[in-house]
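# Secondary and tertiary structure notes
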Amino acid sequence: MVRYVYDFAEGSREQKDLLGGKGANLAEMTRLGLPVPPGFTVTTEACQAYLGAGRDPEGLAEEIEEHLEALEKTMGKRLGQPDDPLLVAVRSGAAASMPGMMETVLNVGLNDESVRGLARQSGDERFAYDSYRRLLAMYGKTVMGIDGELFESAIDDLKTRVGATTDIDLGAGDIRALVATYLQIVREQTGREFPQDPRDQLGGAVRSVFESWNTERAVLYRRQEGIAGDLGTAVNVCSMVFGNLGPDSGTGVAFTRDPATGAQGIYGDYLVNAQGEDVVSGIRNTVPLADLEDIDKTSYDELMRIMVLLENHYRDLCDIEFTVERGTLWMLQTRVGKRTAAAAFRIAGQLVDQGLIDLDEALRRVTGAQLAQLMFPQFDPSADRTLLTRGMNASPGAAVGEAVFSSDAAVERAAAGARVILVRRETTPDDLHGMVAATGVLTSRGGKTSHAAVVARGMGRTCVCGADDLDVDIRGHRFRTSDGRQVAEGDLISIDGSTGEVFLGAVPVMDSLVVRHFEGHDTGEDEVVAAVVRIMEHADRLRRLAVRTNADTPTDAARARRFGAQGVGLCRTEHMFLGERRELVEHLILATDEQQRHDALAALLPHQRSDFEQVLEAMDGLPVTIRLLDPPLHEFLPGFTELSMQVAVAEVTGRPNPRDVRLLAAVKRMHEENPMLGLRGVRLGLVIPGLFSMQTRAILEAAAARRRDGGDPRPEIMIPLVGAVQELELVRNEVLRVAADVEAETGVSVPFEVGTMIELPRAAVTAGEIAGAAQFFSFGTNDLTQMTWGFSRDDVEVSFFTQYLEHGIFAVSPFETIDRDGVGALVRLAAEQGRAARPDLTLGVCGEHGGDPSSIHFFDEVGLDYVSCSPFRVPVARLEAGRAALDG
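As a starting point, this report considers the structure included with it. (Residues numbered from 1 in each chain as written. Predicted model: local features only at pLDDT ≥ 70, side-chain atom pairs only at ≥ 80, totals over all residues. Heavy atoms only, no water.)

### Re the sheet that holds strand β8 (residues 287-288)
- A sheet is described by the order of its strands in space; here five strands give the open sequence β8-β7-β6-β9-β10, paired in antiparallel fashion. With one partner strand each, in any of the chains shown, β8 and β10 (328-336) form the two edges of the open sheet.
- Looking at chain direction, strand β9 (residues 318-325) and β10 are connected through eight bridges and run antiparallel. Bridge pairing links V324 to L329 in β10. (Pairing = 2+ DSSP bridges. Helix = DSSP H or I, 4+ residues; strand = E, 2+ residues; numbered from the N terminus.)

Laid out in structure tokens, this is it:
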């Protein structure tokens with residue numbers, strides 16, 4: 001029989017998938033002998049079974065009752081008993097950290113009778129009724145489906161009536177009256193009384209936590225973070241300890257290092273006379289954790305000892321939740337803490353220096369996505385700026401955008417193409433969709449451990465929290481500073497998550513320190529840059545995959561080389577035909593006989609040769625893969641509608657333009673219903689005599705010129721859109737004839753290779769045949785994805801991808817991360833067949849997937865030789881290639 005419930009004393013951190021992260025770590029702290037309130041965990045398997053069947057799995061209720069009775073025996077009191085009742089917290093805890101995305105219900109077991117017993121036992125009526133009102137609000141919202149704003153409005157109205165500034169200013173009588181109001185809200189909204197049976201409360205809370213796995217915000221968060229949707233959450237039932245018992249009690253969150261910067265020290269927030277949700281919600285501004293030393297030195301010293309123990313045990317930054325109950329410290333949670341990109345690299349380097357981890361482990365602990373964040377621009381310190389206020393530097397970065405005051409507005413404006421800053425008093429889990437849409441988050445309340453700060457750091461969003469100088473008027477869609485300045489919705493603001501500064505207007509940005517280092521500039525002794533360099537060097541030593549770049553200009557090629565590129569994996573020749581040269585392509589298209597076509601190609605030749613010579617010079621000594629013309633020729637002509645209007649207007653005004661008339665006729669002649677499947681790629685080279693010969697001559701003449709000048713050019717000529725080996729053989733023979741002519745004319749022998757893109761499913765399944773005529777394959781995964789799925793990328797991402805993601809047809813767009821089961825299977829097949837036919841066949845990838853971290857791990861697994869990506873993604877690819885080598 002499946003077991004669904006485990007006592008905290010039975011588990012360990014290795015059981016994260018079964019017990020969830022929170023349950024596994026509570027078990028680990030219990031095993032270490034730390035002060036953890038007794039309790040038990042309902043497993044993720046129970047959640048999966050419940051969600052699958054829509055009811056409790058067989059035996060679950062009995063197991064929960066058995067463990068509850070054991071807990072009651074340990075604590076010496078029963079759940080919700082009238083005098084001195086046992087109360088429990090019911091908290092979610094998935095295997096992957098999802099802060100604030102699922103539900104928590106505190107003080108389960110209180111009812112109209114036991115609240116009086118709690119008041120007598122504690123000697124504090126205010127505390128007892130404050131605990132009850134929290135249960136009513138949490139249970140009412142989470143289990144009974146009542147709008148949480150009704151409870152918030154009730155307490156706000158009460159504070160206004162009695163002149164209270166914060167919750168703790170309310171007296172015992174005020175809180176007792178608030179409980180009566182909350183009970184009335186429950187009756188009015190549900191038509192029934194609040195459940196008085198403590199065991200019924202517990203069952204409802206456990207089921208509601210299960211169901212919170214599939215709330216809209218939880219699904220959105222998992223999609224954003226790439227967490228599988230079928231894992232389910234565990235439920236932790238923990239005996240309550242109370243931080244709201246008075247001035248000798250409190251609750252807090254601590255980090256063993258600064259999660260924003262990685263600096264060592266004492267970081268965290270503490271609230272006197274509060275429960276844990278008060279800290280993370282940001283509804284009250286906290287005091288720094290260091291202040292606890294003055295408030296309660298005994299608890300502070302014990303917490304410092306435990307923080308050191310946990311960091312050494314986990315060998316990482318730890319995020320800790322704790323409560324002090326009348327001078328006694330209790331540990332409620334620990335986990336490996338979320339951190340910013342800068343902190344991730346800095347902490348990894350520090351832990352290596354401390355001997356806690358080695359460089360392999362340091363490389364495992366940073367990601368390409370984090371490195372990409374460090375390459376984002378930062379504000380230019382020399383630019384003029386108007387400071388509005390300062391808050392806490394919760395998550396670094398430089399964000400500029402329109403101020404918006406609701407998450408729905410953030411989504412709407414972002415969908416319209418605007419960059420927005422989400423401004424709130426504090427964020428809640430229901431604001432996740434707005435945080436995803438925004439480029440930055442600004443709150444007037446909360447600290448570095450508030451919901452906004454934790455989620456923003458995890459997502460890589462710039463965030464400034466606790467800017468308490470701001471009076472945020474959500475309903476009026478504006479905020480005011482203490483000196484009377486006002487910012488309305490739509491006004492531009494800039495926030496600096498590294499300093500906590502908020503500026504009026506758009507502040508200019510500049511390259512980050514990491515980018516400036518890659519560019520060869522002096523960045524001083526910055527610890528983050530030093531850690532990046534150290535870990536990158538280790539990744540380069542380990543990786544098997546080479547990293548090339550996609551570059552069409554010498555500028556891009558040179559920058560990519562500075563970023564560590566080992567050649568060009570894709571140089572697109574069509575980009576060289578744009579701008580002023582478009583007219584030369586028009587001459588080719590409008591040619592009516594062989595001589596006109598020859599003249600048009602001859603006019604293009606010197607331009608192409610010059611372009612190739614510059615790119616080859618920028619990548620001297622490294623391979624440069626040059627793709628012959630791929631797109632349909634009509635893309636170089638004006639659009640049909642625009643041209644038709646020009647011709648019609650010219651005819652009406654009596655000033656017809658013969659060139660436009662000829663172009664319009666060409667556009668009509670070349671029209672295709674589906675041009676991406678029409679006359680393009682290798683088909684152009686076969687249908688338009690001399691086109692590929694001209695490009696080949698330009699490449700080889702440029703290489704010959706470089707060799708005469710003492711260079712070491714290494715061109716690779718790539719034939720696009722090959723579907724049959726016969727196509728490749730025809731073009732290859734043409735290339736070889738031109739090469740022989742160039743060598744005879746220049747007297748220079750140029751080593752080069754001829755290969756093809758694998759971007760059609762037929763090419764992938766006949767790769768063994770095609771390899772007989774190719775020296776290399778480069779997988780064009782953009783088109784291969786389109787052809788395999790039958791998707792037109794420009795259309796489907798707008799029209800229905802959102803629904804596909806919501807329905808779980810795929811977890812991420814197959815254009816962003818390789819579809820391993822479909823497109824990936826074709827890549828694997830082609831690689832295996834190609835290498836079987838030609839063991840020395842070079843294999844690479846030049847689609848956008850070449851810079852995607854997850855896809856890079858797949859390409860390493862299937863044995864490709866290199867990935868190629870845009871210049872700015874080269875460092876990311878280098879890092880991930882090193883991480884992939886560790887996985888292998």
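### A few points about unusual backbone geometry
- Its identity as a non-glycine residue notwithstanding, N273 has a phi of 55°, on the positive side.
- Its place among the elements puts N273 in the loop between β7 (264-272) and α10 (276-281).
- Within the chain, R315 stands out as a residue other than glycine whose phi angle is a positive 55°.

### Re the pattern of salt bridges
- Considering all chains together, one arrives at 57 salt bridges under this definition.
- When the shortest N-O distance is used, the salt bridge between E501 and R390 registers 3.3 Å. Of this pair, E501 sits in strand β22 (residues 501-504) while R390 is found in strand β12 (residues 386-390), placing the two residues 111 residues apart along the sequence.
- We note a salt bridge from D783 to R680, for which the minimum N-O separation is 2.8 Å. Highlighted residues: D783 in helix α31 (residues 781-789) and R680 in the loop between α25 (658-670) and α26 (682-687), separated in sequence by 103 residues.
- With relative accessibility at 1%, the residue R680 sits in the buried group.
- If you follow the salt bridges from partner to partner, you end up with D130, R133, R134, D156, K159 and D167 in one network. (Salt bridge = Lys/Arg side-chain N within 4 Å of Asp/Glu carboxyl O. Buried < 20%, exposed > 50% of the residue type's maximum accessible area, 1.4 Å probe, protein only.)

### Structural notes on the pairing of strand β25 (residues 568-572)
- Within β25, four of the five residues are buried, which leaves the element mostly enclosed by the surrounding structure.
- Bridge count between β25 and strand β26 (residues 623-627): three bridges; the pairing is parallel. Bridge pairing in β26 links V568 to V624.

### Topic: the state of the cysteines
- Counted under the stated rule, the structure contains zero disulfides.
- Of the cysteine sulfurs around C238, a residue in no disulfide, the closest is that of C318, at 18 Å.
- Judged by its relative accessible area of 8%, C238 is buried.
- Free of any disulfide, C846 has its nearest cysteine sulfur in C869, 11 Å distant.
- With a relative accessible area of 4%, C846 lands in the buried category. (Disulfide = S-S within 2.5 Å.)

Honestly, it's all geometry; don't read function into it.
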